[in-house]
Amino acid sequence: MLFSHGLLMCFQSLPVRPVIPLVARISDQNASGAPPMTVREKTRLDKFRQLLASPNTDLEDLRKHSWSGIPREVRPITWRLLSGYLPANMERREQVLRRKREEYFGFIEQYYHSRTDEHHRDTYRQIHIDIPRTNPLIPLFQQPLVQEVFERILFIWAIRHPASGYVQGINDLVTPFFVVFLSEFVEEDVENFEMAALPLETQRNIEADSFWCMSKLLDGIQDNYTFAQPGIQTKVKALEELVSRIDEDVHLHFKKCEVEYLQFAFRWMNNLLMRELPLRCTIRLWDTYQAESEGFSHFHLYVCAAFLIKWRKEILSMSDFQGLLMLLQNLPTIHWGNEEVGLLLAEAYRLKYMFADAPSHYKR
């Protein structure tokens, strides 16, 4: 008894690192900590390094190699290039980064004080409410310093895009960029990292780069967030059409149970599946989205269709509205990693190949 009490005291005196539930682990691997690199992975990494070291990076080639996943070590620079934020010409990169980062902090000086003005108060309040709800299981995102970064990014984006302004769901889209750009400076698990440990200039660079890359992404899907969100309505309708073609059983089952696609797929489009997958899976998914032309707007539709059909057995076994909707809103992806995302993307690619270039398939 005495022994166990002493042991307990010893454990209590050790610094406590929060235990991260599996769903919230950001590491590429399902287990924390990356395993040793295989020969194939080493060859891939060397190929990326070679492409990135060229005076003029061949973006087409970079896209081709990125489609099946980008090695963690080169993901930050590759994402900056694929999103169109950085130029392919190596000599111009430093200058562009410096200029864009200064421009972002110029916006902060120009606009951020107006968050308390009557005109912008509601926007800021909504952002302020949403941010603590973004990734609530990951300690990194509960740090006030990190939440302030997100508030600035989202507020500046909203007032520079008055056609849509801030819409719930946009807050999720900062997260992958922020984590990837932060990972450049963090060896251990990003989930527990203290942002304040970084030099201020590094913090500012991560913030500015996250802002610009998120802006580039949103440029391609802004009609998802304008008044009445027409882009999302159209995409959900297209998903329904596609599923009716590729799996009539599932489609008719939804009809029989009176489940509307909007009831579950609105979130899939609005949040780009981020609420359905662990963050590590979203990051891997976005490697491909950035490599694919119109990845976030067009290819995402096929990924959603492949994702839905993956659960056909579970869907068809549910015969009541309530149970079916509960399943669709809580699909069991907690253990997913790179392998599952790779299979999902391969299936989405197959569907796109079969249906995208044949509009007649859409027609009834």
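Read on for a plain summary of the structure. (Residues numbered from 1 in each chain as written. Predicted model: local features only at pLDDT ≥ 70, side-chain atom pairs only at ≥ 80, totals over all residues. Heavy atoms only, no water.)

Some points on the side chain of Glu292
Link 1 in the chain: Structurally, Glu292 can be placed in the loop between helix H13 (279-291) and helix H14 (295-310).
Link 2 in the chain: Its relative accessible area of 11% is what places Glu292 among the buried residues.
Link 3 in the chain: A distance of 2.7 Å separates polar atoms of two side chains, one belonging to Glu292 and the other to Trp67.
Link 4 in the chain: Beyond its immediate chain neighbours, meaning those up to four positions away, Glu292 contacts Trp67, Phe299 and Lys352. (Helix = DSSP H or I, 4+ residues; strand = E, 2+ residues; numbered from the N terminus. Buried < 20%, exposed > 50% of the residue type's maximum accessible area, 1.4 Å probe, protein only. Polar contact = N/O pair within 3.5 Å; in protein donor to acceptor, adjacent residues only side chain to side chain. Contact = heavy atoms within 4.5 Å.)

Overview of helix H16 (residues 321-329)
Link 1 in the chain: Those residues of H16 that sit buried are Gly323, Leu324, Leu325, Leu327 and Leu328.
Link 2 in the chain: Where H16 is buried, its residues touch helix H11 (248-256), helix H12 (262-270), H14 and helix H15 (312-317).

Structural notes on H12
Link 1 in the chain: Those residues of H12 that sit buried are Phe264, Ala265, Trp268, Met269 and Asn270.
Link 2 in the chain: The elements touched by buried residues of H12 are helix H10 (230-246), H11, H14 and H16.

A word on the packing of helix H5 (residues 90-111) against helix H7 (residues 144-160)
Link 1 in the chain: Put simply, H5 and H7 touch, their axes get as near as 10 Å, and they point 80 degrees apart. Judged on the interaxial angle alone, H7 and H5 are roughly perpendicular. Along its contact with H5, which presents Tyr104, Phe107, Ile108 and Tyr111, the element H7 presents Arg152, Ile153, Phe155, Ile156, Ile159 and Arg160. (Axes fitted to C-alpha atoms, helices over the stretch in contact; angles between N-to-C directions. Parallel < 35°, antiparallel > 145°, perpendicular 65-115°, else oblique.)

What about unusual backbone geometry?
Across the chain, the bulk of peptide bonds are trans and the bulk of non-glycine residues have phi less than zero.
Link 1 in the chain: Positive phi, close to 70 degrees, is recorded for Ala228, a residue that is not glycine.
Link 2 in the chain: One can find Ala228 in the loop between helix H9 (200-221) and H10.
Link 3 in the chain: Even without being a glycine, Glu294 presents a positive backbone phi close to 55 degrees.
Link 4 in the chain: Looking at where Glu294 falls in the secondary structure, it is placed in the loop between H13 and H14.
Link 5 in the chain: Glu294 gets classed as exposed once you look at its relative accessible area, which sits at 54%.

Section: the pattern of salt bridges
Link 1 in the chain: In this structure the tally under the stated criterion is 18 salt bridges.
Link 2 in the chain: As a salt-bridge pair, Glu60 and Arg63 come within 3.5 Å of each other at their nearest N and O atoms. Of this pair, Glu60 and Arg63 both sit in helix H3 (residues 59-66), separated by 3 residues, roughly a single helical turn.
Link 3 in the chain: Judged by its relative accessible area of 55%, Glu60 is exposed. (Salt bridge = Lys/Arg side-chain N within 4 Å of Asp/Glu carboxyl O.)

A word on the packing of aromatic side chains
Link 1 in the chain: Within this structure, the stated rule accounts for 29 aromatic pairs.
Link 2 in the chain: Where Tyr104 meets Phe211, the ring centres are 4.8 Å apart and the plane angle is 35 degrees; that geometry is what we call tilted. Placement of Tyr104 in helix H5 and of Phe211 in helix H9 is noted, with a sequence separation of 107 residues between them. One exposure class covers both Tyr104 and Phe211, and it is buried.
Link 3 in the chain: Consider the rings of Phe264 and Trp268, whose centres lie 5.2 Å apart with planes at 65 degrees: the pair is edge-to-face. Residue Phe264 and its partner Trp268 are located together in helix H12, separated by 4 residues, close to a single helical turn.
Link 4 in the chain: What makes Trp268 buried here is its relative accessible area of 0%.
Link 5 in the chain: Every member of this aromatic cluster is reached through a ring pair, and the members are Trp67, Trp79, Phe177, Phe181, Trp286, Tyr289, Phe296, Phe299 and Tyr349.
Link 6 in the chain: Taking NZ or CZ as reference, Lys100 lies 3.7 Å from the ring centre of Trp212, over its face.
Link 7 in the chain: A cation sits over an aromatic face here: Lys310 above Trp311, 5.1 Å from the ring centre. (Phe/Tyr/Trp six-rings, centres within 6.5 Å; stacked < 30°, edge-to-face > 60°. Lys NZ or Arg CZ within 6 Å of the ring centre and 35° of its normal.)

Some thoughts on the side chain of Arg284
Link 1 in the chain: Along the chain, the position of Arg284 falls in helix H13.
Link 2 in the chain: No salt bridge forms around the buried Arg284; measuring N to O, its nearest opposite-charge neighbour Asp287 is 4.2 Å away.
Link 3 in the chain: In terms of polar contacts, Arg284 uses its side chain to reach the backbone carbonyl oxygen of Trp67, at 3.3 Å.
Link 4 in the chain: Not counting the four nearest positions on each side in its chain, Arg284 is found in contact with Trp67, Ser68, Gly69, Arg75, Asn338, Val341 and Leu345. (Lys, Arg positive; Asp, Glu negative; His and termini not counted.)

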